[in-house]
Amino acid sequence: MIRIENLSLWYGADRSLPPAVNNLSLEIKKGEFYTLLGPSGCGKTTTLRSVAGLEEPQLGEIYIDDELVFSDKKQVRVPVYDRNIGMVFQSYAVWPHMTVFNNVAYPLKNERPRLSQNAIRDRVMNALALVKLDGFENRPAPNLSGGQQQRLALARALVREPKILLLDEPLSNLDAKLREEMCVELREMIKRLDVATLYVTHEQMEALSMSDTIAVMNQGDLLQESSPLEIYGAPRNSFVANFIGKSNMIAGKVASVDPAAGAKTCVVETSIGNFTCRWLDALEVGRDVTMVIRSEDVAKLKPDESVNVNGADGTVGSVLFLGDIFEYWVSVGDIDLRIKLEDGDLSPGDAIRLNFPEERCLALTR
Ligand SMILES: Nc1ncnc2c1ncn2[C@@H]1O[C@H](COP(=O)(O)OP(=O)(O)OP(=O)(O)O)[C@@H](O)[C@H]1O
Ligand SMILES: [Mg+2]
């Protein structure tokens with residue numbers, strides 16, 4: 001449905017500088033919810049705007065629905081209005097001189113065959129109901145709150161029932177509760193409409209909860225493309241591990257590897273002790289690695305409890321109450337670790353005995 005091949009885009013003329021999007025390839029199937037996730041400036045919006053036809057990359061090809069809409073080699077440049085897409089811009093861009101109703105009805109003006117007034121009304125009211133803006137149709141668009149304007153932009157993108165949806169942080173201005181509701185509804189809506197969706201966010205929870213596939217980007221590069229579970233449980237490198245979830249990263253070296261055939265563990269020597277870790281790629285002894293463990297995966301042991309492997313003693317530095325969980329900073333040797341625990345009975349200065357469950361420790365190459 002959307003296929004991008006070897007896309008590169010430089011904003012400046014100097015091609016010796018790093019591009020905003022670097023040799024990016026990806027494919028999004030019909031009905032698939034595909035998310036680009038990455039820090040500010042990594043090239044998400046640029047990718048989206050290239051698919052829409054609003055930016056012109058220097059290299060690569062883009063297919064929509066098996067139709068070639070952009071190719072530098074073949075000199076193909078299908079204009080924006082001929083690509084059947086619905087788009088929500090990061091700045092949501094509602095038309096200020098129109099009512100809510102007319103904003104949503106606008107993209108239907110050029111529908112062929114022409115729609116009757118009643119058909120337009122039905123389509124607009126359906127789209128408004130989808131985003132919970134029914135009742136607002138006669139309000140001038142600027143008199144909506146930021147979150148409402150964002151939902152209006154979403155209704156406008158959906159009203160033509162496009163084959164492809166490009167959504168650039170469409171929920172960023174909603175409050176936490178509404179955002180959660182919209183996450184669920186947006187995903188259901190996309191599945192129901194069976195549209196290929198390219199979604200952009202830098203919110204990892206949004207990406208993890210809604211996506212079929214997540215592509216993590218950094219500095220124009222696509223670093224890993226996987227299901228949410230895989231991105232979370234088996235990050236391929238330390239950038240992905242650190243970006244998704246709050247991970248502890250501890251520098252170390254492979255001290256020994258499990259000699260059993262097909263084994264996938266090694267012992268990593270760090271400044272705070274030796275730890276048995278899983279690996280994704282086979283590692284050799286002496287290799288510099290980063291040991292990664294998520295803050296919620298570190299366990300607290302009782303003061304007199306000991307474990308054979310992967311234990312450590314530390315001191316509580318600070319405590320943060322997060323509503324349903326407590327987040328502690330714990331010093332272990334020269335390293336500060338972030339851990340999450342359900343009990344809030346520890347105070348700064350208290351001793352704490354930790355366990356890093358072997359199956360939760362991952363050794364990644366640096
Ligand atoms: N019109 C432009 N002219 C020059 N440089 C640009 C332009 N638009 C974006 N850039 C640069 O290209 C890079 C990628 O920008 P892009 O807008 O794609 O990032 P993003 O991932 O969408 O970030 P954010 O999460 O902040 O929206 C950034 O370094 C940005 O400064
Ligand atoms: Mg952006």
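Since the model is a prediction, treat every value here as computed from it, not as a measurement.

J.: Account for the packing of helix α4 (residues 146-158) against helix α5 (residues 176-193), with residues named and values stated.
T.: The axes of two packed helices give the description: the angle between them and the distance between them. With their axes 13 Å apart at the nearest point, α4 and α5 run at an angle of 0 degrees to one another. In terms of axis orientation, α4 runs roughly parallel to α5. Along its contact with α4, which presents Arg-151, Leu-154 and Leu-158, the element α5 presents Leu-178, Met-182, Leu-186, Met-189 and Leu-193. Taken together, the residues of the contact of α4 with α5 sort by class into seven nonpolar, no polar and one charged.

J.: Please provide a residue-by-residue account of the site of ligand 1, values included.
T.: As a matter of local geometry, ligand 1 sits amid 13 residues, with Ser-40, Gly-41, Lys-44, Thr-45 and Thr-46 nearest to it. At 2.5 Å, a side-chain N or O of Thr-46 approaches an oxygen atom of ligand 1. Alone, ligand 1 offers 640 Å² of accessible surface; in the complex the protein occludes 58% of this. Grouping the constituent residues of the shell around ligand 1 by class yields four nonpolar, seven polar and two charged.

J.: So, the pairing of strand β5 (residues 67-71): which residues are in play, and what are the values?
T.: A large share of β5 lies buried, amounting to four of its five residues. Where strand β4 (residues 59-64) folds back on β5, the antiparallel hairpin that results is connected by two residues, among which Asp-65 adopts a positive phi of roughly 60 degrees. The sheet contact formed by β5 and strand β6 (residues 76-77) spans two bridges and is antiparallel. Looking at β6, one finds that Ser-71 is bridged to Val-76. Hairpin connection of β5 to β6: four residues between the antiparallel strands, including Gln-75 at a positive phi of 55 degrees.

J.: So what's going on with the domain arrangement of the protein chain? Which residues, and what values?
T.: Segmenting the protein chain into domains produces domain 1 (2-238) and domain 2 (246-365). Contact residues are listed per partner, giving eight residues for domain 1 and eight residues for domain 2. The junction of domain 1 with domain 2 conceals about 760 Å² of combined surface from both sides, 46% of it contributed by carbon and sulfur atoms. Note that Asp-281 is salt-bridged to Arg-236, the shortest N-O span being 2.7 Å. Across the contact surface, domain 1 and domain 2 share four residue pairs in polar contact (both at pLDDT 80 or more).

J.: Requested: an account of unusual backbone geometry, with residues and values cited.
T.: Residue Pro-113 follows Arg-112 across a cis peptide bond; omega there is -5 degrees. With respect to the helices and strands, the residue Pro-113 is situated in the loop between α2 (100-105) and α3 (117-130). Phi at Gln-75 takes a positive value of approximately 55 degrees, unusual for a residue other than glycine. Mapped onto the fold, Gln-75 is located in the loop between β5 and β6. For Gln-75, a relative accessible area of 61% translates into the label exposed. Its identity is not glycine, yet Glu-161 carries a phi of approximately 50 degrees, on the positive side. Checked against the element boundaries, Glu-161 lands in the loop between α4 and β8 (164-168). Taking the relative accessible area as the measure of exposure, Glu-161 reaches 52% and is therefore exposed.

J.: Describe α4, and please don't skip the residues or the numbers.
T.: Since the α-helix turns once every 3.6 residues, residues separated by three or four places project in the same direction. Between its first and last C-alpha atoms α4 spans 19 Å; for 13 residues at 1.5 Å apiece the expected length is 18 Å, and the two agree. By the criterion of burial, α4 is predominantly enclosed, with 12 of the 13 residues buried. Taken as a whole, α4 has its buried residues at Gly-147, Gln-148, Gln-149, Gln-150, Arg-151, Leu-152, Ala-153, Leu-154, Ala-155, Arg-156, Ala-157 and Leu-158. Where α4 is buried, its residues contact β7 (85-88), α2, α3, β8 and α5.

J.: Can you tell me about the sheet that holds strand β17 (residues 311-321), naming the residues and giving the values?
T.: Read from one edge of the open sheet, five strands run β16-β20-β17-β18-β19, paired in antiparallel fashion. A strand with exactly one partner marks an edge of an open sheet, and here the two such strands are β16 (299-301) and β19 (335-341). Shown here is a sheet whose adjacent strand axes are inclined to one another by a mean of 50 degrees, direction ignored. Pairing of β16 with strand β20 (residues 351-355), which is carried by three bridges, proceeds in the antiparallel orientation. Bridged to Ala-299 within β20 is Asn-355.

J.: Mind laying out the pattern of salt bridges, listing which residues take part and the relevant values?
T.: Under the defined criterion, the tally for this structure stands at 24 salt bridges. Salt-bridge contacts for Asp-212 lead to Lys-191; the nearest nitrogen and oxygen are separated by 2.7 Å. Taken as a pair, Asp-212 in the loop between α6 (204-210) and β10 (213-218) and Lys-191 in helix α5 lie far apart in primary sequence, 21 residues in all. Overall, the relative accessible area of 34% leaves Lys-191 in the partly exposed class. Two residues, Glu-327 and Arg-338, come together in a salt bridge whose shortest N-O distance is 3.6 Å. Taken together, the positions of Glu-327 in strand β18 (residues 326-332) and Arg-338 in strand β19 put the pair 11 residues apart, joining distant regions of the chain. Exposure remark for Glu-327: the relative accessible area of 5% places this residue in the buried category. Salt bridges sharing common partners tie together Glu-111, Arg-123, Arg-160 and Glu-161.

Conventions used here
- Residues numbered from 1 in each chain as written.
- Chains lettered and ligands numbered in written order.
- Predicted model: local features only at pLDDT ≥ 70, side-chain atom pairs only at ≥ 80, totals over all residues.
- Heavy atoms only, no water.
- Axes fitted to C-alpha atoms, helices over the stretch in contact; angles between N-to-C directions.
- Helix = DSSP H or I, 4+ residues; strand = E, 2+ residues; numbered from the N terminus.
- Parallel < 35°, antiparallel > 145°, perpendicular 65-115°, else oblique.
- Contact = heavy atoms within 4.5 Å.
- Nonpolar A, V, L, I, M, F, W, Y, C, P; charged D, E, K, R; others polar.
- Near = heavy atom within 4 Å.
- Polar contact = N/O pair within 3.5 Å; in protein donor to acceptor, adjacent residues only side chain to side chain.
- Areas by Shrake-Rupley, 256 points an atom, 1.4 Å probe, with all protein chains shown as cover.
- Buried < 20%, exposed > 50% of the residue type's maximum accessible area, 1.4 Å probe, protein only.
- Pairing = 2+ DSSP bridges.
- Domains from an automatic or database assignment.
- Buried area = accessible area lost by both parts, 1.4 Å probe.
- Salt bridge = Lys/Arg side-chain N within 4 Å of Asp/Glu carboxyl O.
- Expected span 1.5 Å × (residues − 1).

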